[in-house]
Amino acid sequence: MKGLKLHKIELEKSFDPRSFEDRIYTQWQEQGAFKPQEGSGTPYVVVIPPPNVTGVLHLGHGLNISLQDILIRFHRMRGVPVVWVPGTDHAGIATQNVVEKQLKAQGQSRHDLGRDAFIQKTWHVKEAHHELISRQIARMGASVDWSRERFTMDAGLSQAVREVFVSLYERKLLYKGNYLVNWCTSCGTALSDDEVEHEELPGKLYHIRYPQETYGDTPQGWVEIATTRPETMLGDTAVAVHPEDPRYQALIGKSLVLPLTDRRIPVVADTYVDRAFGTGAVKITPAHDPNDWELAKRHDLPAISILTPDGRLNDQVPQRYRGLRVKAAREAVLVDLKAGGFWEKETAITHRVGHCYRCHTVIEPFLSEQWFVRMQPLAEKALAAWQRGELIFYPRKWENTYRHWLENIRDWCISRQLWWGHRIPAWYCLSCGNTIVSRQDPSVCPSCGGETLKQDPDVLDTWFSSWLWPFSTLGWPGAVQDETAQTNDFHRFYPTTALVTAYDIIFFWVSRMIMAGLEFTGTVPFRDIYIHGLLRDKQGRKMSKSLGNGLDPLELVDQFGADALKFTLAFLCAHGQDLLVDKESFKLGSKFANKLWNASRYILMNLEHRTFVEDPRLNPVDQWIYARLNQAVKTMTEAFLSYRFNDAAATAYDYFWNDFCDWYVEATKLSLRTGDDAEKDRATTVLLEVLAESLRLLHPLLPFITEAIYEHVPHTHGLLITAPYPVYDEARNVPEIEQNIALLQELVRLVRTLRSECTIAPEKKIPVLIRLSSLSAPGVFLTENRELMQLLAGIGDLTIEQSEPSLTRPSGSIGLVGSGFEAFVYIAEAVDLDVLKRTLTKAIEKDRTFIAGLQTKLANEHFLKNAPPDLVKGEQLKLADALQRTEKLAAYMRDLFRGTDHDVCAAVASR
């Protein structure tokens, strides 16, 4: 590089990410930058949480993908092999719903098509959506290895699903039976507990009289019960009371008449009943309430299901209610209860109601035959792995959620009454009734030799394939079965390194993946679990279609660029907090990218006639910027390793905008404008080298723009995406120089602030006198760098002298006090004093009014008591700032107009 002649490089005047993002992404792909590079060290491996294949990606996906991409790019630049596996989830219920809605619009149902044709049509829908999702992921700049893309129903993953199902069956961890499940009457399928979303809704509590079969057991002749769902009384098989409740001692073991039916039901005693709640008597409907189901098993009570799978009342109820949907049945039952004298009263309440997580239909407890996984043995292993320190949650608070769920786990219902998904590999022999669970499709019954076999019509829960995602995507179980394949992905890259996900699926996915990894591979599937917050609007509401407050990540990319999306989300992503955003939020990332573009453009367009110098000498300002860069490297590296994305982004912003642009680039203008050719070459070389290293520092957060600029920096080679990340170097730290620069910055800031407050034009140079308390090293530094101070602060004549603090102040000047110095700015030579006096007086009076208003508000007890703490604190900070500003302006008045404005100054001082 020695002696390289440099030439002017023109970046586009206006920053337009659309002009280079697609080109650069294609370049990365074509040059294999997303594939794992050869390198030493432990591979860094992440599997993407697979988005559902049914729709477009929302901003939550944008956040999750952006954070993973930052980590992947950071570790790739550290020189270790990096693998980021993309993929999509078949999303059984959601995808089937999409296709069924399409058929409904055409006047058809899935049953009109038949199973095979319906599945084929669903595959076509999957392919169309998959293509769209892949484009979205690419548009956001995700550096995933597309050659390793997987789908939860591809051949390899389907093999893994069957292997796990059969293994669980062989290990006695899988069973089938009639149990009460969560049932969605719209989707027509069972749901696991974790797929039910509860919300508080207004409702009514209906009080009903159950007559005694034998009059006289209670004074009034009946037992009063209360229920929110009176239609379910048609499936009651008992009334329960507490065994020690004196009100019902005479009734225990006797019968009550079930209203609106010809049935008699017993009164049973059970400690489950809370005698202090309501009347102390509880109706028991085993087929439609999970607690009643458990009580019924203890008392050997029958379970009468009164619902059909599509949510209508069946033939177990009196004729007049059959075929009615739940809501209509409830209304009919209430009418008949009132007419028969069984109705007591109703009261308004608020209660939690479960809804299907996909279609939001109210969930019905429903008695049906389903497949279940015994979760307790798996949960014990997952809990023990965490206790051994094999898993680390970021932030740590989510460990409590993880532990609580595992300690209170229930068996997992894994069968779904759908057609789209992994069909359950179980067959039933119609000759002998034997159940066959097999890795291959059987042709004969191993028990009786019969050939009439029928496969279970149900499919597996979507999460049954998702919980295998970390190892099934890397080739399990084929990789394990082929012991010679030591170079395959499973042996090279499993276990993975980190999982990045939102906190709303810790139960659905995270815990189950850990259980599956331990059970089938003998190790946890990842070490680090980073749980990020959810995206909310500025009012704190969760983004949703119904509220109309959602943001399309692709629209944001189109408007601001992919880097602005990524940087803004990282900047706002603090540990343990949700992100409050609106469209305006992304101007932060856009403005920062624009600053990076403009600063780089300035540097590159001023290379004409310059020569690149080998090992250039570093002056104090150069050493200072390398020290600041070094500290940014350390802070950002530590932040990335601990998943503190906001700290990394804030550090990047502060370093580049403040240290590099506002100070260093401005300081180099002294050499570039006044130095000889050798000095200009030296300064240009250092400036280019600092820029190149800064681009490497910023790349994980702003990959497109940094790559677009890096390819124009003269002395760089290859792609930035695979260039080495800067490494912290203790030798770069120069504490004494940093202290000296800090003193210079303090003085420059004071003068700049004064210029702004007195509205002095930038081109106007003002004289300044600096009095130093001593000519120590900082003082010598200021003296030696007087030209730099003059450049940065717009100073004309500059006098520096050693002097003890004095009460004397040069006439026509304003005094500024800093660390070990006094500066006197001869303001009278730069402004019209009469105009300045009026300006300062007006500003002080305006501030006095503002201060008075704030003080009145903060003295109001009602405001202090009812306002949010953040609002009160904000008003207090405003008051402190206003008082400080007013004191400063008053000091300016005293300096310039001694004795002529005593009233104003005194009034301000009295505040």
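Residues numbered from 1 in each chain as written. Predicted model: local features only at pLDDT ≥ 70, side-chain atom pairs only at ≥ 80, totals over all residues. Heavy atoms only, no water.

## Topic: the overall build of the protein chain
Here comes step 1: Looking only at helices and strands, the protein chain features 29 helices and 29 strands.
Here comes step 2: For the protein chain, whose C-alpha radius of gyration is 37 Å, the value lies well above the compact-globule estimate of 29 Å for 911 residues.
Here comes step 3: Counting only C-alpha atoms and orienting by the principal axes, one finds that the protein chain spans roughly 110 × 75 × 55 Å.
Here comes step 4: When the accessible surface of the protein chain is totalled, it reaches about 40000 Å², and 50% of it is carbon and sulfur. (Helix = DSSP H or I, 4+ residues; strand = E, 2+ residues; numbered from the N terminus. Rg over C-alpha atoms; globule rule 2.2 N^0.38 Å. Areas by Shrake-Rupley, 256 points an atom, 1.4 Å probe, with all protein chains shown as cover.)

## Some details on the pairing of strand 11 (residues 264-269)
Here comes step 1: Pairing of strand 9 (residues 238-241) with strand 11 involves three bridges; the strand directions are parallel. Considered in strand 11, the bridge of valine 239 is made with valine 267.
Here comes step 2: Sheet topology places strand 10 (residues 255-257) next to strand 11; three bridges connect them, and they run antiparallel. Looking across to strand 11, one finds that valine 257 is bridged to arginine 264.
Here comes step 3: Linkage of strand 10 to strand 11, two consecutive antiparallel strands, is achieved through a turn of six residues, within which leucine 260 is found at a positive phi near 70°. (Pairing = 2+ DSSP bridges.)

## Details of the nonpolar core
Here comes step 1: Ranked by internal contacts, the top residues of the largest apolar core, which has 147 residues, are Phe660 and Leu701.
Here comes step 2: Counting residues per element, this core draws most heavily on helix 20 (residues 645-674), at twelve residues.
Here comes step 3: Excluding residues within four positions of it along the chain, leucine 701 makes contact with Ile70, Asp563, Lys566, Phe567, Ala570, Met636, Phe640, Ala648, Ala649 and Ala652.
Here comes step 4: Leu157, Val196, Leu418 and Tyr428 belong to the second-largest nonpolar core, a separate cluster that totals 73 residues. (Core = buried A, V, L, I, M, F, W, Y, C linked by side-chain atoms within 4.5 Å. Buried < 20%, exposed > 50% of the residue type's maximum accessible area, 1.4 Å probe, protein only. Contact = heavy atoms within 4.5 Å.)

## Some points on the packing of aromatic side chains
Here comes step 1: Inspection of the entire model under this criterion finds 41 aromatic pairs.
Here comes step 2: Taken together, the aromatic side chains of Phe165, Tyr169, Trp371, Trp412, Phe464, Trp467, Phe471, Trp476, Phe490, Tyr494 and Phe520 make up a single cluster linked through ring pairs.
Here comes step 3: Above the plane of the ring of tryptophan 343 lies lysine 338, whose end atom (NZ or CZ) is 4.8 Å from the centre.
Here comes step 4: The cationic tip of arginine 512 hangs over the ring face of tryptophan 412; the distance from NZ or CZ to the ring centre is 4.0 Å. (Phe/Tyr/Trp six-rings, centres within 6.5 Å; stacked < 30°, edge-to-face > 60°. Lys NZ or Arg CZ within 6 Å of the ring centre and 35° of its normal.)

## Description of empty space enclosed by the protein
Here comes step 1: The full count for this structure, using the stated rule, is three cavities of 30 Å³ or more.
Here comes step 2: As for the largest cavity, its lining consists of Val621, Trp624, Trp663, Ala667, Ile741, Leu744, Leu788 and Leu792.
Here comes step 3: Among the secondary structure elements, those contributing two or more residues to the lining of the largest cavity are helix 19 (620-641), helix 20, helix 23 (735-757) and helix 25 (786-793).
Here comes step 4: Partitioning the lining of the largest cavity into residue classes produces eight nonpolar, no polar and no charged.
Here comes step 5: As a volume, the second largest cavity reaches approximately 40 Å³.
Here comes step 6: In terms of lining residues, the second largest cavity is bounded by Tyr602, Ile603, Asn606, Leu607, Leu672, Thr684 and Leu687. (1 Å grid on protein atoms, 1.4 Å probe; cavity = no way out; pocket = protein on both sides within 12 Å on 5 of 7 lines; lining within 4 Å. Points joined across faces, edges and corners; volume = space filled by probe spheres on them. Nonpolar A, V, L, I, M, F, W, Y, C, P; charged D, E, K, R; others polar.)

## Side note on the layout of surface pockets
Here comes step 1: For the second largest pocket, the calculated volume is near 370 Å³.
Here comes step 2: Every residue lining the second largest pocket is counted, 13 residues in all, and those nearest its centre are Asn97, Glu100, Lys101, Lys104 and Ser186.
Here comes step 3: Contributing elements (two or more residues each) for the lining of the second largest pocket: helix 3 (92-105) and helix 4 (110-113).
Here comes step 4: Per-element accounting of the lining of the second largest pocket gives the leading share, five residues, to helix 3.
Here comes step 5: Partitioning the lining of the second largest pocket into residue classes produces three nonpolar, six polar and four charged.

## Some remarks on unusual backbone geometry
Here comes step 1: The omega torsion across tyrosine 394 and proline 395 is -5°, close enough to zero to call that bond cis.
Here comes step 2: Tracing the backbone shows proline 395 in the loop between strand 15 (392-394) and helix 10 (398-407).
Here comes step 3: Residue tyrosine 494 is joined to proline 495 through a cis peptide bond whose omega torsion reads 0°.
Here comes step 4: Mapped onto the fold, proline 495 is located in the loop between helix 14 (489-493) and strand 22 (498-502).
Here comes step 5: Located in the positive-phi region is leucine 260, a residue other than glycine, with phi close to 70°.
Here comes step 6: Tracing the backbone through its elements, the reader meets leucine 260 in the loop between strand 10 and strand 11.

## With respect to the sheet that holds strand 20 (residues 453-455)
Here comes step 1: Pairing is antiparallel in the open sheet, where three strands are placed in the order 19-18-20. Bordering the open sheet on either side are strand 19 (435-437) and strand 20, each of which pairs with just one other strand. Between one strand axis and the next, the sheet turns through 30° on average, direction left out of account. (Axes fitted to C-alpha atoms, helices over the stretch in contact; angles between N-to-C directions.)

## Considering the pattern of salt bridges
Here comes step 1: Summed over all chains, the structure comprises 57 salt bridges.
Here comes step 2: Measuring nitrogen to oxygen at the nearest pair gives 3.2 Å for the salt bridge that ties aspartate 336 to arginine 320. Residue aspartate 336 is located in helix 8 (residues 326-340), and its partner arginine 320 is located in the loop between helix 7 (290-299) and helix 8; the two are separated by 16 residues in the primary sequence.
Here comes step 3: Here arginine 320 falls in the partly exposed class, since its relative accessible area comes to 49%.
Here comes step 4: What emerges from the salt-bridge pattern is a single network uniting Lys35, Asp145, Arg148 and Asp489. (Salt bridge = Lys/Arg side-chain N within 4 Å of Asp/Glu carboxyl O.)

## Comments concerning helix 15 (residues 506-521)
Here comes step 1: Most of helix 15 sits out of view: 14 of its 16 residues are buried.
Here comes step 2: One or two steps after helix 15, the chain reaches glycine 522, where phi turns positive at roughly 80°.

## Structural notes on the environment of glutamate 294
Here comes step 1: Inspection of the secondary structure puts glutamate 294 in helix 7.
Here comes step 2: The spacing of glutamate 294 and tyrosine 272 is 22 residues in sequence and 9.9 Å in space, taken between C-alpha atoms.

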